[in-house]
Amino acid sequence: MLPERKQVLIVDDEPNLRKILSAQLSRDGYDVMTAEDGERGLALLKEHHIDLVITDLKMPKIDGMTLLKRALEEEPELPIVLITAHGTIDTAVEALKSGAFDFVTKPFDKDEVRQIVGKALRTRELRGADATSVSTGGGVRFGIIGDSAGITDLYAVLERVADTPTTVLITGESGTGKELVARALHEHSSRKDKPFIKVNCAAIPKELIESELFGYERGAFTGAVSSKPGRFELANGGTLFLDEIGEIPIEMQVKLLRALQESEFERVGGIKTIRIDVRLVAATNRDLKKLIAGGTFREDLFYRLNVVPIRLPALRERTGDIPLLVEHFLVKFNERLKKKVEGVEAEAMETLVAYPWPGNIRELENVIERAVLFCDTQRLRANDLPPEIRGIPAMANVSLSEADLQAALAGEGGLKEHVKVAMSRLERELVGRALQQTTGNVTHAARLLKISRKGLQLKMKELGLREGAVDKGE
Ligand SMILES: Nc1ncnc2c1ncn2[C@@H]1O[C@H](COP(=O)(O)OP(=O)(O)OP(=O)(O)O)[C@@H](O)[C@H]1O
Ligand SMILES: [Mg+2]
């Protein structure tokens, strides 16, 4: 699936300007439409989904100011950038007051246009962020980014259950945002000023988990020199988030079940019953049904937790959200790393969308952070992405295949011959990788491999690699 490209509409009566501007914006990865006057521009706005308008002010039929006003009547959030000639600054200022996003003066600078367009589109996306209860049709809500069916369904569930005492069980692969959702549930409830307490059930040693959860009284065990409240008590009035609930020892599960059902428990070594008011959210990346079948998870506890199940889709099931997430992480890491990466080239975006993301959003976040850090161009290019994302296979093992091994041991061919086969496979792999990394530049690849250019050419011939066979990228 191709990433969604932003649709830009250029309205100008000068054919030359339309041509230059649309060529530049297409190169920057936008889909472009053009109109020769305001009337045609408004017609296109009605027929198509347009993300941004760049319009001239002086035009026949309907001029830029009128276009601006009418377009904003229809769609108040639409970013409109005006092109003004020298001496019309006053009109430009008036346009800004009427809701234009910004203006550029003719003759304009390529980079200036690029910057304004990028900023306008980002602003439009981020505007979704403060819409908390009205549906914006996607973007960001509850601090969770997405526009896909899976995420809009999630918004609907969050809206309904956030401010209730109901127990929620969040499932999903690693890095799909389980903790983010747990925190969103808390933040959007009337408990938000009370504590949000997280317990990672996988990280606490089995023998300590009971005292961690429920606390202990002095003298309950060796070393218990004073009494201490557990996480349940600390979360009183707020939310308790039991992460990796699938890892909780089976012996603990009955006690947990009782605490949940009765809203009461005793500290370890204590006799006093403590009552609490806690909203419980649990999460796991395990298939609890399988654990139940395997006898390591209690079915009754499962039903107690699974009152409202939330299943977070893997990123590969909602690739349509990738451009949105990438944009979000770009803004985040530009800020954090003091960089000014403005966007992502189409090829790089296609690569990001095609990759299956086993580590989901966390992996995407890490990849973008790294790419932003190393990017020294205005837009991220495919080359800024790590090789595994670009589908370049990991280095082959230097071992023989099982078939080769069997053949060798069956006395077919000698030791030398088999080693030679394995070595040439390794050479091929290394040479191929070096060429890919240097986008087919033999001189650079030779430098990486610390051999002469001539030597590399000979090696390539010997290995049957043609010069120019490796995709040169751009
Ligand atoms: N929809 C989203 N929008 C924005 N950021 C997201 C989204 N989902 C996840 N993230 C970010 O991805 C990272 C991983 O999310 P989180 O820690 O919630 O995942 P998890 O499911 O708890 O993972 P694990 O199972 O490995 O603990 C976090 O930095 C989180 O902010
Ligand atoms: Mg987590």
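Residues numbered from 1 in each chain as written. Chains lettered and ligands numbered in written order. Predicted model: local features only at pLDDT ≥ 70, side-chain atom pairs only at ≥ 80, totals over all residues. Heavy atoms only, no water.

**Q** Just give me the short version of the site of ligand 1, but keep the residues and values in it.
**A** Inspection of the region around ligand 1 gives 15 residues, with S174, G175, K178, R362 and E365 positioned closest. Here an oxygen atom of ligand 1 and a backbone polar atom of L180 are 3.0 Å apart. Taking R362, its side chain carries an N or O atom lying 2.8 Å from an oxygen atom of ligand 1. Burial of ligand 1 by the protein amounts to 84% of the accessible area it has alone, namely 630 Å². Counting only elements with at least two residues in the shell around ligand 1, the list comes to strand 7 (144-146), helix 7 (178-187) and helix 15 (360-374). Split by residue class, the shell around ligand 1 holds 5 nonpolar, 4 polar and 6 charged. (Near = heavy atom within 4 Å. Polar contact = N/O pair within 3.5 Å; in protein donor to acceptor, adjacent residues only side chain to side chain. Areas by Shrake-Rupley, 256 points an atom, 1.4 Å probe, with all protein chains shown as cover. Helix = DSSP H or I, 4+ residues; strand = E, 2+ residues; numbered from the N terminus. Nonpolar A, V, L, I, M, F, W, Y, C, P; charged D, E, K, R; others polar.)

**Q** Help me get a handle on the sheet that holds strand 1 (residues 7-11), residues and values and all.
**A** Reading across from one edge, 2-1-3-4-5 is the order of the 5 strands in this open sheet, with parallel pairing throughout. Each having just a single partner strand, strand 2 (31-35) and strand 5 (102-105) make up the two edges of the open sheet. Adjacent strand axes in the sheet meet at a mean angle of 20°, parallel and antiparallel pairs treated alike. Looking at chain direction, strand 1 and strand 2 are connected through 5 bridges and run parallel. Residue pairing for strand 2: L9 is matched across the bridge by M33. (Pairing = 2+ DSSP bridges. Axes fitted to C-alpha atoms, helices over the stretch in contact; angles between N-to-C directions.)

**Q** Could you give an account of the packing of helix 17 (residues 415-437) against helix 18 (residues 442-449), naming the residues involved and the relevant values?
**A** Remark: helix 17 packs on helix 18, axes separated minimally by 8 Å, with the N-to-C direction vectors making an angle of 125°. In terms of their interaxial angle, helix 17 and helix 18 are classed as oblique. In the packing of helix 17 onto helix 18, the handedness of the crossing is right-handed. In this structure, helix 17 contributes L430, V431, A434, L435 and Q437 to the contact, and helix 18 contributes V442, A445, L448 and L449. (Parallel < 35°, antiparallel > 145°, perpendicular 65-115°, else oblique. Left-handed = near helix turned anticlockwise from the far one by under 90°. Contact = heavy atoms within 4.5 Å.)

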